[in-house]
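Topology and contacts: notes
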Amino acid sequence: MSDSTEQRKLAAIMFTDMVGYSALSQRNEALALESVPPRHPRIAQRFIAGLSFALFSLATLMSHAEPIRVHPENQHYFLFHEKPTVLITSTEHYGAVLNPDFDFVTYLDTLKAAGLNLTRTVNGSYLESTNTTLWRGGDQNPLAPRLGRYLAPWKRSDQLGYYFGGNKFDLDKWDENYFARLKSFVRAAGERGIVVEFNAFYVLYDEGPTKGSWVLHPFNAANNINGVGNIPWHRYNTLTDAGIVARQDALLRKTLTELNEFDNVYYEMCDEPYFSGASPAETTAWQNHLIDTFVATERKLPKKHLIAVNFANGYIAVEKPHPAISVFNFHYCSPPAAVPLNWHFNKPIVFDETAGNAGHKALDRRREAWAFMLSGGAGYDNLDPSFATDDPTGSGKVMQADGRYDCRDVRAQLGVLKKFMESLDFINMRPNQHRLRPWPHSPSESFYVLEQPGKVYAVYFRGSEQPRRTKFAMDLPPGRWQAEWVTPRDGSVRTLEPFTHPGGGWLTETPDFTEDIALKLIVSTSIR
C-alpha cells in the first residue's frame, strides 16, 4: 500500500477520533477531560483544543489531495500522490463496472501484484453483445454482460421492450446501484495505487449488434420511454439530436459529481471518435461541446480532473486541440511516431490501447511498450484478452470463444518496464534519438533514447529473432560512469565495472542478445 494511502487512512482515523471526542465533550466535558490526565484541567483543555485543531487541519488536508495531474516541471509526464508518475498496465476489456458478474476486486489485486498502476473502464452507456465480432470472448467478454445482467446508469421503466432483454430505460431516472458500483470500483483502485482512465462516452461502429452497439444503446429510441434517439447510428456522436445531447450532458455532469472526490481518476471524452461515421468536423464539434460541459461542471466542484482525447489509431500530427485537453491518447501507436509529432504541445502522450487480437503476445507488447516509453511516452495500456467475466485473474482459467489466454507473462514483463522507468529521474529526461550512432558496418538497429545530458542515458535496442551484438557510439562528457545492461523480458541486470571516459565519442557494443536489451548509463563523478 502506498504511503499516501496510509496517510489518508491515518487522517481518516484521526478525524474520526476528533469527531468522537468533540461529540463526547458536548455531552459530558468532564468525562472527555478524563481521557487526558494532566494535573491542570485548564492546560488539558487547551491541549485538547490545540490537538483537535491540528487533527482537523491534517484531516482536511488529506481529504483534499489533488487528483492525478500533469507534472509542473515536465508536462510530458504525470504527478500522482506528489510523485512523478508513468502509467503502465494491461487491462480488461473495459466492462468492470457495467458487468456485475466481473469480480473487479480480484482483477485490481492482479494488476497491483504485477506492479501495474492503470485501468481503463467505459461508462455504462455503452455495451457489447455476447455475439459481437468486435471482440473475442462471447459471454466471457467483460464488456458484454449476460442477458439480464447489464447495469446501466438509468433505471428501467415499467414497459417491456429493451433490445437486450427486460424493460426499456427511463432516461430521467438514475439507477444509483450503477453509481455505487462505479464509486466502489474507483475507490478499490485507489486503495491499490491504481489510476482509472474513465471513458465518458464511446463511439458506435455500426447499427449492431454484432458490429456496433446502437441497437443495444439506451439512447436508441427503441430502448427508452423518453422519445430520445430516433436517429441512425452514425449521428450519435454528433450534435444532431438535441434530446441525446441533453442526456449526454446530464450523464457527464452526474458522473463528474459522483467521482469528484477521487484523486485517482481522469477522463477520456470518447473512445475512437474518428470511427463515428460522421464527418471529422461534426464529431469534433460534438466532443468539444462535451469538453465545455466538463469544464463548466467541474468549475463548481472542489476537485479538477484531467481531460484526455483519443486522436487516432497509429499517429497523426494534432492540429488546434481544445485548450482544456491535457492528455493526448493514441491507439496501436507502433512505431511510436505520435510522440515526436506532438511533443511540442507539452502534454502527456499515452498509448492507451493495443491491437485487441494480439494482446497476449508478450514479445510484441513488450517491444512496442519499451519503444513508446523511451520515446518520451507517459503511459502504455495493453488490451488484455485474458481477463474474462469468469476469470478476473487473467490466468487462462476459462475457455473463451476463440481460445484460452494466460497473460501473466505479459503483465510481468510490463512490470519490468515500469520498474525501469521508475528507476530513472525521467522528469529531468528528454528523448533524443540522435544521441546514439550505430557503428559503421553494424546491422541496422531500432533504438530509442531518453537522456538527462551529461548525467543519465537510457537506451532501448529492439532486436531481431537472431542473436546479435550491436556496436554503437555515444557522445559523453568527461566523467566516471556506471553502466548496466537490462534484459526487458525478466528484468535481470548485468552491471559493468565503472569506467572513466575522457569525453567525446564512447565506442562500445551490446552483449549478445536476440529479442531486445536496454542500457542505463549514469555518471557517478563529473570531470571538468
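Attention here is on the structure that accompanies the text. (Residues numbered from 1 in each chain as written. Predicted model: local features only at pLDDT ≥ 70, side-chain atom pairs only at ≥ 80, totals over all residues. Heavy atoms only, no water.)

This part is about the packing of aromatic side chains. All chains considered together, the criterion is met by 33 aromatic pairs. Ring geometry for Y274 and F275: centres 5.0 Å apart, planes at 70°, overall edge-to-face. Three or more aromatic residues link up through ring pairs in this structure, and these residues are W154, W174, Y178, F179, W214, F219 and Y236. Between R136 and the ring centre of W135, over which it is positioned, the NZ or CZ distance is 5.4 Å. (Phe/Tyr/Trp six-rings, centres within 6.5 Å; stacked < 30°, edge-to-face > 60°. Lys NZ or Arg CZ within 6 Å of the ring centre and 35° of its normal.)

Right, let's talk about the environment of Y236 for a bit. Tracing the backbone through its elements, the reader meets Y236 in the loop between β8 (195-202) and α6 (242-259). When the C-alpha atoms of Y236 and L204 are compared, they prove to be 7.4 Å apart, with 32 residues separating the residues in sequence. When residues no more than four places from it in sequence are discounted, the contact partners of Y236 are F201, Y202, L204, W214, H217, F219, I231, I244, Q248 and W286. At 3.3 Å, the side chain of Y236 and the side chain of H217 are in polar contact. (Helix = DSSP H or I, 4+ residues; strand = E, 2+ residues; numbered from the N terminus. Contact = heavy atoms within 4.5 Å. Polar contact = N/O pair within 3.5 Å; in protein donor to acceptor, adjacent residues only side chain to side chain.)

Turning our eyes to something else, we now look at the environment of L414. As for its placement among the helices and strands, L414 is situated in helix α10 (residues 408-422). Placed 52 residues apart in sequence, L414 and A362 show a C-alpha to C-alpha distance of 8.9 Å. Not counting chain neighbours up to four residues away, the residues in contact with L414 comprise I88, T89, S90, L116, R365, A369, Y380 and N382.

Quick look at α10 now. For an α-helix, 3.6 residues make a turn, and residues three or four places apart therefore share a direction. Taking 1.5 Å per residue, 15 residues should reach 21 Å; α10 reaches 21 Å between its end C-alpha atoms and fits that length. Taken together, the buried positions of α10 are V410, R411, Q413, L414, G415, V416, L417, K418, F420 and M421. (Expected span 1.5 Å × (residues − 1). Buried < 20%, exposed > 50% of the residue type's maximum accessible area, 1.4 Å probe, protein only.)

Spatially, β4-β13-β12-β11-β10-β9-β8-β5 is the arrangement adopted by the eight strands of the open sheet, whose pairing is parallel. Only two strands of the sheet have a single neighbouring strand rather than two, namely β4 (87-91) and β5 (118-122). Shown here is a sheet whose adjacent strand axes are inclined to one another by a mean of 25°, direction ignored. The pairing of strand β9 (residues 265-271) with strand β10 (residues 307-313) spans two bridges and is classified as parallel. Across the sheet, Y267 pairs through a bridge with I307, a residue of β10. (Pairing = 2+ DSSP bridges. Axes fitted to C-alpha atoms, helices over the stretch in contact; angles between N-to-C directions.)

This part covers the packing of helix α5 (residues 176-191) against α6. Direction vectors running N to C along α5 and α6 enclose 45°, while the axes themselves pass 10 Å from each other. By the criterion of interaxial angle, the relationship of α5 to α6 is oblique. Regarding α5 and α6, the two cross each other, and that crossing is right-handed. Contact with α5, carried on its side by E176, F179, L182, K183 and V186, involves L251, K254, T255, E258 and L259 of α6 and no other residues of that element. (Parallel < 35°, antiparallel > 145°, perpendicular 65-115°, else oblique. Left-handed = near helix turned anticlockwise from the far one by under 90°.)

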